[in-house]
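Read off the chains here:
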Amino acid sequence: MALLELGGRRFTLPQGEVLLGADPTCAIPLAVPGVLPKHAKLKSLPDGQVVITKAVPEADVLINGVRLGAEPTPLLHGDKVEVGGQELTFVDERRSGSTQYVQAMSLPQAMERAKAEAKGGKVTVNTGGRVVSLTDGREYAVAGTSLVFGRDASCDVVVAGKDVSRRHAEIMQTPKGYLIVDSSTNGTSVNDTRIEGQRLLARADVITIGEEKFRFYADTAAAPPNPDFFPSILRAHTRGIGSRGADFCGRDVALRSDSGRQFMASRPLRGHPEPRWRASLGAAVR
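Described in the following lines is the structure provided in the data block. (Residues numbered from 1 in each chain as written. Predicted model: local features only at pLDDT ≥ 70, side-chain atom pairs only at ≥ 80, totals over all residues. Heavy atoms only, no water.)

The next subject is the sheet that holds strand β20 (residues 198–200). Read across the sheet, 5 strands follow the order β15-β14-β16-β17-β20 without closing on themselves; strand pairing throughout is mixed. Each edge of the open sheet is held by one strand with a lone partner, namely β15 (157–158) and β20. Bridge analysis of strand β14 (residues 146–150) against strand β16 (residues 169–174) gives 4 bridges, and the strand direction is antiparallel. Across the sheet, residue L147 finds its bridge partner in β16, namely I171. (Pairing = 2+ DSSP bridges. Helix = DSSP H or I, 4+ residues; strand = E, 2+ residues; numbered from the N terminus.)

For the rest of this paragraph, the subject is the pairing of strand β11 (residues 86–92). For β11, the tally of buried residues reaches 5 of 7 residues, placing the bulk of the element in the interior. Sheet topology note: the strand β1 (residues 2–6)/β11 ladder contains 4 bridges and is antiparallel. Residue pairing in the sheet places A2 in a bridge with D92 of β11. The turn joining strand β10 (residues 80–83) and β11, which pair antiparallel and follow one another in sequence, is formed by 2 residues; a positive phi near 55° is taken by G84. (Buried < 20%, exposed > 50% of the residue type's maximum accessible area, 1.4 Å probe, protein only.)

Tracing the chain through its elements places T208 in strand β21 (residues 206–209). On the accessibility criterion, T208 (14% relative accessible area) is buried. Reaching out from T208, the side chain makes a polar contact with the side chain of K213 at a distance of 3.0 Å. Those residues in contact with T208 that sit more than four places away from it in its chain are T188, S189, D192 and K213. (Polar contact = N/O pair within 3.5 Å; in protein donor to acceptor, adjacent residues only side chain to side chain. Contact = heavy atoms within 4.5 Å.)

A few words now on the sheet that holds β11. Overall, antiparallel pairing links the 6 strands, which are arranged β2-β1-β11-β10-β7-β8 in an open sheet. Only two strands of the sheet have a single partner each, and these edge strands are β2 (9–13) and β8 (66–67). The pairing of β10 with β11 spans 4 bridges and is antiparallel. Of the residues in β11, the one forming a bridge with V83 is Q86.

Below, the structure written as structure tokens:
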């Protein structure tokens, strides 16, 4: 059942069309200054959706602070309808109490689930978090400790749609990275898989809320240095090389690290415009 609330008054919206206005014959009578005799029309559709239009072109109607145009506009649970300075709240009793309580999950559990479910993405650190809308390209940074998605105008990322809750989901900054927490009725998906309460995000994950998609980005952890990549002791193994060192021109040089791994590198020919390299036992200098 759908209805409008004004203070302690509740106006039920039966299926079909009803009028809101100052005329006492209106189903929703509102005799206050600024309200026309027939101000707005509300129509309940067979699927339970309610749409609102202006009864006359000169009527002024605001939906969540936005002026209503000429086209019919669907109302969603919790929407604020303002006429003549009076604010009415639209209630869809099918959606009442839509906030869900989900089973808590420890961060280590969320981390393991992220590793198992992420499609090739890299687990991130807890800096640089942001999402980019795949609809219009707008970017939203996780400026504080969280980023809230939802239909309510107070959310950081406002997402329209009848399947979107007023406070639908939240990306939270945690010591282990960024955690997305779903508190909606219709669910939140990551990489086309509906999450169960919460999930640790990986870089390039795609978040779906209603019909909108967002790609998640954050800084990734730096890879640990490879101890074999920069050998601390270099030894040259070429023909005819003495212990005092020599020019290596057009010859292969084997570089051995402390761990015993060898690296082979070819040096430029003598007279080549690139600089020559000189090496000696235990060191190499340019």
